[in-house]
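# A structural walkthrough
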Amino acid sequence: MKKLHVATGNPYDIIIDRNLLNSCGTYIKPLTKANRVMVISDSNVFPLYGESIKKSLENTGYQVFTYTFKAGEEQKRLSTINEMYNALADNGFTRKDLIVALGGGVTGDMAGFAAATYLRGIDFVQIPTSLLAQVDSSVGGKTGVDIPQGKNLVGAFWQPILVLIDPNTLSTLSDKLFADGMGEVIKYGCIKSRELFEKLERLNANSIIDDIIYDCVSIKRDVVQNDEREKGQRMLLNFGHTLAHAMEKEHNYSTLTHGEAVAIGMVMMTLASEQNNLTPTGTANRIARLCEKYSLPTADTTPIQKIVRSTSGDKKSAGNAISLIILKDIGCSQTYKIDKKDLLQFIAPKDKM
Ligand code: MG
């Protein structure tokens, strides 16, 4: 078992262990005085693990309710949250009760947002089952939903009281969803750890996945602890994301996974920072090779003008400026502020202009 402590305003632990799903109630019990627990999950994940989670919670003495929504990013919207509020209110959930988020990033983000807002905030536990959620979205307290204008534009910072990661759940993941998570894993290497990046180059991540999860979560823990509300350092976690969000939007959040879009975004941004002499030549190529190794795309057919136009609603923009995340080198990142009107010029390949 591996354990990490996150010293945010409301501190919490992250526990990584195989088979911990079956005993989740034991981990949760000391942390809450809840009578009722709402397990929120989607139609893919609940059939796999829902009953064993429910059984463990019931054996610990909780009255357990479940709310399951249809799997898919397109469900990540306010109408689904509204259904969650109904399930909570109809079953008499009070402020001391608990939500358990069981599933991938979409489930964690939405269950977390319901927890942040129902009765002005109740406790929740994250049990992430996808690689993306285990290495990234379940830690750090970002919750929210998409609106037609863009991804995650409505949400709240709301930390879980516990994160339980069982790497056994990765065995039921499709290759595409494993690659989805690897996009974020590679990002952690790029922004903060040359050692992790080189480990991913040298070895097969799948065979050392427990260590990889630990590496990523401890990087994220360090960053979030220092900057819970994304005023500075936390922005580095958005490397590749400004362009990724724009591409995901152009693909209607369907054909391109988040991790795939992040992979393309990291390569594009690094090609741009190389041609602006901010990053050593060859860095983008090295990132692209690593992405390819883990079955991730490195380019997109969406015209660059369209991508840039759709970054206008990006959360990392302030007034007329936008903060880009670029690499000084593999394992070392920085923010780089430019005027929004110069973004196209910064990103578009010089030889094609
Ligand atoms: Mg992300």
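Look above for the structure.
Everything quoted here is computed from the prediction, not taken from an experiment.

### Considerations on the overall build of the chain
Assigned secondary structure in the chain consists of 13 helices and twelve strands. Over its C-alpha trace the chain gives a radius of gyration of 20 Å, about what one expects of a compact globule, namely 20 Å for 353 residues. Its C-alpha atoms give the chain principal-axis dimensions of about 65 × 40 × 35 Å. With 353 residues in all, the chain has 57% of them scored as buried.

### Brief notes about the coordination of the magnesium ion
Bound to the magnesium ion on the protein side are Glu-184 (OE), His-241 (NE2) and His-258 (NE2), at distances that span 2.0 to 2.2 Å. In primary sequence terms, the donor set of the magnesium ion follows E-x56-H-x16-H. Here Glu-184, found in helix H6 (residues 175–192), pairs with His-241, found in helix H9 (residues 241–250); they are 57 residues apart in sequence, far enough to count as distant. You can call Glu-184 buried: its relative accessible area is 0%.

### Quick look at the nonpolar core
Counting residues in hydrophobic clusters, the biggest one holds 70 residues, and the most contacted among them are Ile-14, Ile-186 and Leu-200. By residue number, the principal contributor to this core is helix H10 (residues 258–275), which donates nine residues. There are two domains that each give this core at least three residues, and those are domain 1 (2–172) and domain 2 (179–352). Counting residues in hydrophobic clusters, the runner-up holds 23 residues, among them Ala-34, Phe-46, Tyr-62 and Val-100.

### Regarding the pairing of strand S8 (residues 150–157)
Along a regular strand, successive side chains alternate from one face of the sheet to the other. In terms of strand pairing, strand S7 (residues 142–147) meets S8 through five bridges, oriented antiparallel. Counterpart to Thr-143 in the pairing with S8 is Ala-156. Linking S7 to S8, which pair antiparallel, is a turn of two residues.

### Considering the packing of helix H7 (residues 194–202) against helix H11 (residues 283–293)
Packing of H7 against H11 brings their axes to within 10 Å, and their N-to-C directions diverge by 50°. Classified by the angle their axes make, H7 and H11 are oblique. In the packing of H7 onto H11, the handedness of the crossing is left-handed. Where H7 abuts H11, its residues Arg-194, Phe-197, Glu-198, Leu-200, Glu-201 and Arg-202 lie against Arg-286, Ile-287, Leu-290 and Lys-293. The residue inventory of the contact of H7 with H11, partitioned by class, reads four nonpolar, no polar and six charged.

### Notes on the packing of H6 against H7
Relative to each other, H6 and H7 sit at 135°, their axes nearing to 6 Å. By the angle between their axes, H6 is oblique relative to H7. The segment H6 lies against H7, with Met-182, Val-185, Ile-186, Tyr-188, Gly-189, Cys-190 and Lys-192 engaging Arg-194, Leu-196, Phe-197 and Leu-200. When its residues are assigned to classes, the contact of H6 with H7 shows eight nonpolar, one polar and two charged.

Thresholds, definitions, all that
- Residues numbered from 1 in each chain as written.
- Predicted model: local features only at pLDDT ≥ 70, side-chain atom pairs only at ≥ 80, totals over all residues.
- Heavy atoms only, no water.
- Helix = DSSP H or I, 4+ residues; strand = E, 2+ residues; numbered from the N terminus.
- Rg over C-alpha atoms; globule rule 2.2 N^0.38 Å.
- Buried < 20%, exposed > 50% of the residue type's maximum accessible area, 1.4 Å probe, protein only.
- Donors = N, O, S within 2.8 Å, 3.2 Å for Na, K, Ca; no water.
- Core = buried A, V, L, I, M, F, W, Y, C linked by side-chain atoms within 4.5 Å.
- Domains from an automatic or database assignment.
- Pairing = 2+ DSSP bridges.
- Axes fitted to C-alpha atoms, helices over the stretch in contact; angles between N-to-C directions.
- Parallel < 35°, antiparallel > 145°, perpendicular 65-115°, else oblique.
- Left-handed = near helix turned anticlockwise from the far one by under 90°.
- Contact = heavy atoms within 4.5 Å.
- Nonpolar A, V, L, I, M, F, W, Y, C, P; charged D, E, K, R; others polar.

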